[in-house]
Amino acid sequence: MAFHSAPFLFFFFPAAWLLSLTAAGRGKQYVLIAVSLAFYACGQWQGLLCLLLSAAVSCAAGFFLPRVRARKTLLAGALAFHLLLLGAFKYLDFFTGSLNHLFGTELPAAGLLAPLGVSFFTFKSMAYIIDVYRDENARARRFSHVLLYISFFPQVTSGPISRFGQFAKGLESPRPGAEQTAKGLRRFIVGFAKKALISEMAATVTNAAFSLGDGLDFRMAWLGAAAYTLQIYFDFSGYSDMAIGLGTLFGFETPENFNYPYVSASITEFWRRWHLSLSFWFRDYLYIPLGGGRRGTARKCWNKAVVFLLCGLWHGASWTFVLWGAWHGLLSAVESALPMKRLQEKPLGRWLGHVYTLLAVCVGFVVFRAASVSEAMTVLRAMFTGFTLSPASTLALERISPAVWCALGAGVAGSLPVGPWLKKRLGGGWLEFSSYAGAAALFVLCLLAAAGSSFQPFIYAQF
């Protein structure tokens, strides 16, 4: 059940919100657990057992870690359980298929159904266990706290990947006041608009470009690549905004996930602005334990390459994701070996950095979007060598409606920090009031868009 679907907007969310408002004391936690498990079951009831098992193992590990001598053994066992859970359901068929292709074997596919959001709730579970290992005061007092943290419905399917210490503040917090409620609703609507009014429109161009095959020329190839760069940003940041807004409405703080990544002047800076909760997870639980940048430039480059390769694989069991991760790992490692700060001290260097980063990100997202490596190569070939104009591409360009062009233009503007700039220069009570009026208008537009088309699932729901 997606956040932008009618059943969620008009039935599930109002009922869940009213139940949480009427519940007293600890009852709010149990209401939210029931609501979260019901939400998950509506999406995929078969994965409930894995979700509950992950929460139980995490809670048990958190309970025993401060009490046993063999703490490292217990930590390794708990982490191995979660990695095996993730590997069995998400990567087993990928690895057996790759072995069959490489060595001509005929290993059977397991055909296991990956639990919904397994990558997200597994990483939350692992973060909790590691945090308790590092500091026993990070341990939850009750199993219900761990279960709610892992299953909390605004985050369970697509993140953001919150930390228990941050999430636990909401367990004892009072009900949100009128101001918090208004801000939460406004944030939710902004995310809804990103999905409904920009991402969905951009998707029509992306799908048209990637379906042309040999009929793709450089015009439609570049437009499709740029459209997907906008589509995935507004799709995922839209989901994150909706999750943050929902968390606020239920009294929980949710970490920010994006900070205008397309203004970056390097791939390193891009990952300090894109999918922040995942970037910080890999930084804190893998990159720094590997040594980070403390052991020389060569080791730093190696550590970055490993992290990004695993980051790509985390996104999905496909060679396109592996190549996408390797691409970002290569560029990040090269940047570590070059004096990037000195190169960007001058305006020209900073400007060239912006151009290079946008091109690198755009090329990477072509590989990320493609259904196969061969499809990615077809699109990339057309981008850089497809200068013979194709009738199929010409027809596809002619079919793009003015509304879609407007949505793409709005996407470009929305990718820039226009909002913070306006708030800084025109701040005042009238601007705050107008933002709520604008949110109300956006909600109506989103409902009209929903009535006129069928929305696609959020891109990151597949992970």
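Criteria and thresholds
Residue indices begin from 1 for each chain and proceed along its sequence in written order. Totals for whole chains, interfaces and linings use all residues, but because this is a predicted model, local features are given only for residues with pLDDT of at least 70 and pairs of side-chain atoms are given and counted only at 80 or more. Working from all heavy atoms in the structure, the side-chain values ignore hydrogens and water. The helix and strand labels rest on DSSP assignments: H or I over at least four residues marks a helix, E over at least two residues marks a strand, and numbering proceeds from the N terminus. Only the C-alpha atoms count toward the radius of gyration. The rule for a globule is 2.2 Å times the residue count to the power 0.38. Accessible area is worked out with a 1.4 Å probe on protein chains only. A residue is then buried under 20% of its type maximum, exposed over 50%, and partly exposed in between. The accessible surface values rely on the Shrake-Rupley method and a 1.4 Å probe; as for residues, cover is taken only from the protein chains in view. Working convention for charge: Lys and Arg count positive, Asp and Glu count negative, and His plus the chain ends are omitted. Just so you know, the charge point we use is NZ for Lys, CZ for Arg, CG for Asp and CD for Glu. The rule for a salt bridge is simple: a side-chain nitrogen of Lys or Arg has to be within 4 Å of a carboxyl oxygen of Asp or Glu. Two rings from Phe, Tyr or Trp (for Trp, the six-membered ring) form a pair when their centres sit within 6.5 Å of each other. Planes less than 30 degrees apart are called stacked, planes more than 60 degrees apart edge-to-face, and all others tilted. Polar contact is the term for a pair of N or O atoms within 3.5 Å; when the atoms are in protein, one must be able to donate a hydrogen and the other to accept it, and sequence-neighboring residues count only if both atoms are side-chain atoms. We call two residues contacting when some pair of their heavy atoms lies within 4.5 Å. Definitions used for this entry: grid spacing 1 Å over protein atoms alone; cavity, a set of points where a 1.4 Å probe fits but cannot get out; pocket, an open set with protein on both sides within 12 Å along at least 5 of 7 lines; lining residue, one with an atom within 4 Å of a point. Grid points are joined across faces, edges and corners, and a volume is the space filled by probe spheres set on the points. Under the convention adopted here, Pro, Cys and the residues Ala, Val, Leu, Ile, Met, Phe, Trp and Tyr are nonpolar, Asp, Glu, Lys and Arg are charged, and Gly plus all remaining residues are polar. Count a disulfide wherever a pair of cysteine sulfur atoms falls within 2.5 Å. Here, the term nonpolar core denotes a set of buried Ala, Val, Leu, Ile, Met, Phe, Trp, Tyr and Cys residues that are joined through side-chain atoms within 4.5 Å. Values of pLDDT, which run from 0 to 100, indicate the predictor's confidence residue by residue.

Could you clarify how one ought to interpret the overall build of the chain in this entry?
Counting its secondary structure elements, the chain contains 21 helices and zero strands. Its C-alpha radius of gyration of 23 Å places the chain within 12% of the 23 Å reference for a compact globule of 463 residues. Projected onto the principal axes, the alpha-carbon positions of the chain cover approximately 70 × 60 × 50 Å. Relative to its full complement of 463 residues, the chain shows a buried share of 50%. Counting every atom, the chain has about 21,500 Å² of accessible surface; 68% of that belongs to carbon and sulfur. In the chain, 39 positive and 21 negative side-chain charges are present, and the distance between their average locations comes to 9 Å.

Sorry if this is basic, but what is going on with the pattern of salt bridges here?
Where charged atoms from two side chains of opposite charge approach closely, those side chains can pair. Going through the model one piece at a time under the given rule, you end up with 12 salt bridges. A salt bridge links Asp217 to Arg219; the nearest nitrogen and oxygen atoms lie 2.8 Å apart. For Asp217, a relative accessible area of 0% gives the class buried. Between Arg273 and Glu269 there is a salt bridge, and its shortest N-O distance comes to 3.1 Å. Here Arg273 matches Glu269 in class, with each residue buried. Salt bridges sharing common partners tie together Arg187, Lys194, Asp241 and Glu256.

In this structure, what is going on with the packing of aromatic side chains? I would like to understand it.
Both the distance between ring centres and the angle between the ring planes are used here to describe each pair of aromatic rings. Under the defined criterion, the tally for this structure stands at 55 aromatic pairs. Geometrically, the ring pair formed by Tyr91 and Phe95 is tilted, given 6.4 Å between the ring centres and 45 degrees between the ring planes. Residue classification places Phe95 among the partly exposed residues on the basis of a relative accessible area of 44%. Between Phe270 and Trp274 the ring centres are 5.4 Å apart and the planes differ by 20 degrees, which places this aromatic pair in the stacked class.

Mind showing me how you'd approach the side chain of Ser36 here?
Relative to the assigned elements, Ser36 resides in helix 2 (residues 27-44). Within the structure, the side chain of Ser36 is placed 2.7 Å from the backbone oxygen of Leu32, a separation counted as a polar contact. Setting aside chain neighbours within four positions, we find Ser36 in contact with Leu148, Ser151, Phe152 and Phe153.

Looking at this structure, I do not really get the side chain of Gln166. What am I missing?
Note on placement: Gln166 falls in helix 8 (residues 164-168). Within polar-contact distance, the side chain of Gln166 engages the side chain of Glu253 at 3.3 Å. In this structure Gln166 touches Glu253, Thr254 and Pro255, once residues within four positions along its chain are discounted.

What is the right way to read the environment of Tyr262 from this model?
Considering the arrangement of structural elements, one finds Tyr262 in the loop between helix 10 (218-249) and helix 11 (267-270). Given the relative accessible area of 9%, Tyr262 is considered buried. In contact with Tyr262, not counting residues within four places along its chain, are Thr229, Ile232, Tyr233, Phe270, Trp274, Leu358, Val361, Phe365 and Ser415. In terms of polar contacts, Tyr262 uses its side chain to reach the backbone carbonyl oxygen of Thr229, at 2.5 Å.

Help me understand the layout of surface pockets, please; the structure alone is not making it clear to me.
Rolled over the atoms, a probe as big as a water molecule pinpoints where empty space is left. By volume, the largest pocket amounts to about 1,700 Å³. In terms of lining, the largest pocket is formed by 50 residues, of which the most central are Arg186, Arg187, Val190, Tyr260 and Gly419. Where the lining of the largest pocket is concerned, the elements lending two or more residues are helix 9 (178-210), helix 10, helix 19 (402-414), helix 20 (418-426) and helix 21 (429-452). Per-element tally for the lining of the largest pocket: the top contributor is helix 9, with nine residues. Taken together, the residues of the lining of the largest pocket break down into 21 nonpolar, 18 polar and 11 charged. What lines the second largest pocket is a set of 23 residues, among which Thr268, Glu269, Arg272, Lys304 and Ser332 lie closest to the centre. Among the secondary structure elements, those contributing two or more residues to the lining of the second largest pocket are helix 11, helix 12 (276-287), helix 13 (297-315), helix 14 (319-337) and helix 15 (340-343). Counting residues per element, the lining of the second largest pocket draws most heavily on helix 12, at six residues. Residue composition of the lining of the second largest pocket, grouped by class: 10 nonpolar, six polar and seven charged.

Explain the state of the cysteines to me, please; I cannot follow it from the model alone.
Any covalent bond linking the sulfur atoms of two cysteines counts as a disulfide. The tally for this structure, following the rule as stated, stands at zero disulfides. With no disulfide partner, Cys50 has as its closest neighbouring cysteine sulfur the one in Cys59, 18 Å distant. Given the relative accessible area of 11%, Cys50 is considered buried. Of all cysteine sulfurs, the one in Cys311 lies closest to Cys362, which takes part in no disulfide; the gap is 18 Å.

Explain empty space enclosed by the protein here, please?
The final tally for this structure, using the stated rule, is one cavity of 30 Å³ or more. Taken as a whole, the largest cavity encloses approximately 40 Å³ of empty space. Along its surface, the largest cavity is lined by Ser20, Leu21, Lys28, Arg175, Pro176, Leu249 and Phe250.

Explanation requested: the nonpolar core in the structure shown.
If you look at soluble globular proteins, the nonpolar side chains tend to sit buried side by side. Counting residues in hydrophobic clusters, the biggest one holds 125 residues, and the most contacted among them are Phe3, Phe250, Trp274 and Tyr460. Here this core gets 16 residues from one element, more than from any other, and that element is helix 10. Setting aside chain neighbours within four positions, we find Phe250 in contact with Phe13, Ala16, Trp17, Ser20, Lys28, Leu32, Phe152, Phe153 and Pro176.

In this structure, what is going on with the confidence of the model for the chain? I would like to understand it.
For residues with low pLDDT, the predicted coordinates do not support detailed interpretation. Of all residues in the chain, 99% have pLDDT values of 70 or greater, and the mean over the chain is 92. The element-level mean pLDDT for the chain is lowest in helix 15, coming to 73, with helix 10 highest at 97.

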